[in-house]
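Descriptive analysis of the structure
Spelled out, the chains give:
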Amino acid sequence: MSTTVSNTPSACFDVQIQQTLRSRERSGSRFSLNLRFRSEAMHTVLYGPSGAGKSLTLQAIAGLNRPDQGRISCQGQVLLDSVRGIDVPAAQRGFGYLFQDYALFPHLDVRQNVAFGLRRGWLNPSRRWRDPRVEHWLQAFELDAVAGQRPEQLSGGQRQRTALARALVGAPRALLLDEPFSALDPALRGRLREELAALLQRLQIPMLMITHDPEDLAFFGGLALQLRAGRLVGGEAEIDSEFEQGLAA
Ligand SMILES: Nc1ncnc2c1ncn2[C@@H]1O[C@H](COP(=O)(O)OP(=O)(O)OP(=O)(O)O)[C@@H](O)[C@H]1O
């Protein structure tokens, strides 16, 4: 495992974020996120205590949370640049995103939940709709037998695979995973960790994962980034001078 970062323009993730939020819990208190990192690693793991700002960071990269100031690029494409007024909408950023609690739709069956990853309009995919990309991932994750069932009828592993299939069905440029194994028991966690590693190796797409689990850090290797109170431990100076000049201009 390494903690070095590189500054090539083709870095998988090149992230600078500054954001201050008013606390939802205590009136008057604020949370400040201020970090910068670049990673060329295929696996980047973000870890740290609860409330450190891990999810906010992942959501900012995904385009689901807009920082006050920032610059985010992936594989050379600028997704956010507050100085230049660039903010690519989440749906056009090309990421597959897996939320902490999987966020499956309870009223949709497994096939519809997976097909949701291809959705471009407002309507939910119909139960009768078939798409070869959806069928491919249902098969790949051995979900075809439960394709007509709803999330409440699934095991923990099947739920996790459904969420992963939904994240992958749109052929994402990279995967953003928010604690993908936290809802699973230890035995299943170990198995699905190995399945995910094999899948990433086969697809050759980068992933950025949030975790609390030291075993994920040891297993996935790559670049490990520790976040504490909104800052990277041992990270680069949060905002570089070029960026500050841009803000002042
Ligand atoms: N929309 C919001 N408005 C105000 N505060 C927020 C908002 N979202 C998150 N926060 C606060 O920002 C801080 C960081 O939250 P975040 O969810 O990123 O932490 P985390 O490191 O992912 O924690 P956990 O490991 O528990 O998921 C917390 O203090 C949280 O209460």
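Labelled according to an unreviewed UniProt entry, the chain appears under the name ABC transporter ATP-binding protein, originating from Kinneretia aquatilis.

**Description of the overall build of the chain**
On a plain count of helices and strands, the chain comes out with 7 helices and 11 strands. For the chain, the residues scored as buried account for 39% of the 249 residues in total. In the chain, once contacts between residues fewer than 6 apart in sequence are set aside, the share between residues at least 24 apart is 72%.

**A short note on the sheet that holds strand β3 (residues 43-47)**
One open sheet accounts for 6 strands, arranged β7-β8-β9-β3-β10-β11; its pairing is mixed. Edge positions in the open sheet fall to β7 (95-98) and β11 (231-232), since each of these has one partner strand only. Along the sheet, helix α4 (residues 156-168) makes contact with β7 and β8 (174-178), crossing β7 at roughly 165 degrees.

**A look at the site of the ligand**
Close to the ligand lie 12 residues, the nearest being Leu-21, Ser-50, Lys-54, Ser-55 and Leu-56. At the level of elements, β1 (13-22) and α1 (54-62) are the ones that each hand at least two residues to the shell around the ligand. A breakdown of the residues in the shell around the ligand according to their chemical character gives 4 nonpolar, 5 polar and 3 charged.

**Quick notes on the sheet that holds strand β5 (residues 77-81)**
If you walk across this open sheet you meet the 5 strands as β2-β1-β4-β5-β6, and the pairing is antiparallel. A single partner strand is all that each edge strand has here, and the edge strands are β2 (30-39) and β6 (86-87). By the bridge criterion, 5 bridges tie β1 to strand β4 (residues 69-74) in an arrangement that is antiparallel. Residue pairing in the sheet places Val-15 in a bridge with Ile-72 of β4. Strands in contact with α1 are β1, β2 and β4; relative to β1, the strand with the most contacts, it is inclined by about 120 degrees.

**Regarding the nonpolar core**
Counting 54 residues, the largest nonpolar core has Ala-165, Leu-176 and Leu-208 as its most contacted members. Not counting the four nearest positions on each side in its chain, Ala-165 is found in contact with Val-114, Trp-137, Leu-138, Phe-141 and Leu-143.

**Quick notes on the pairing of β3**
The buried fraction of β3 is high, at 5 of 5 residues. Of the two faces of β3, both are covered, the one formed by His-43, Val-45 and Tyr-47 as well as the one formed by Thr-44 and Leu-46. In this sheet, strand β9 (residues 207-211) lies alongside β3 in parallel orientation, the contact comprising 5 bridges. Pairing of Val-45 across the sheet is with Met-209, part of β9.

**Brief notes about the environment of Arg-128**
With respect to the secondary-structure elements, Arg-128 resides in the loop between α2 (110-115) and α3 (132-140). For Arg-128, a count of 6 C-beta atoms within 10 Å gives the class exposed. Residues Arg-128 and Ile-205 lie 77 residues apart in sequence; the distance between their C-alpha atoms is 31 Å.

**Comments concerning the pairing of β2**
In terms of burial, β2 is largely enclosed, as 7 of its 10 residues are buried. Looking at chain direction, β1 and β2 are connected through 10 bridges and run antiparallel. Residue pairing for β2: Thr-20 is matched across the bridge by Ser-32.

**Side note on α1**
Lys-54, Leu-56, Thr-57, Leu-58, Ala-60 and Ile-61 are the residues of α1 that are buried. Backbone geometry just downstream of α1 places Gly-63 in the positive-phi region, at approximately 90 degrees.

**Digging into the environment of Gly-51**
Its location among the elements puts Gly-51 in the loop between β3 and α1. The spacing of Gly-51 and Leu-227 is 176 residues in sequence and 9.5 Å in space, taken between C-alpha atoms.

**Digging into the confidence of the model for the chain**
As a note on interpretation, predicted positions should not be read in detail where pLDDT is low. With 86% of its residues at a pLDDT of 70 or more, the chain shows a mean pLDDT of 85. When the criterion is pLDDT under 50, residues 1-9 qualifies, and its contacts beyond four places in sequence or with other chains add up to 17 contacts. Low pLDDT (under 50) marks residues 237-249, which in the prediction has 14 contacts with non-local residues, meaning those over four places away or in another chain. Predicted complex metrics record ipTM = 0.96 and pTM = 0.85.

Thresholds, definitions, all that
Residues numbered from 1 in each chain as written. Predicted model: local features only at pLDDT ≥ 70, side-chain atom pairs only at ≥ 80, totals over all residues. Helix = DSSP H or I, 4+ residues; strand = E, 2+ residues; numbered from the N terminus. Buried ≥ 20, exposed ≤ 12 C-beta atoms within 10 Å, placed from the backbone. Contact = placed C-beta atoms within 7 Å. Pairing = 2+ DSSP bridges. Axes fitted to C-alpha atoms, helices over the stretch in contact; angles between N-to-C directions. Near = placed C-beta within 6 Å. Nonpolar A, V, L, I, M, F, W, Y, C, P; charged D, E, K, R; others polar. Core = buried A, V, L, I, M, F, W, Y, C linked by C-beta atoms within 7 Å. pLDDT = per-residue confidence, 0-100.

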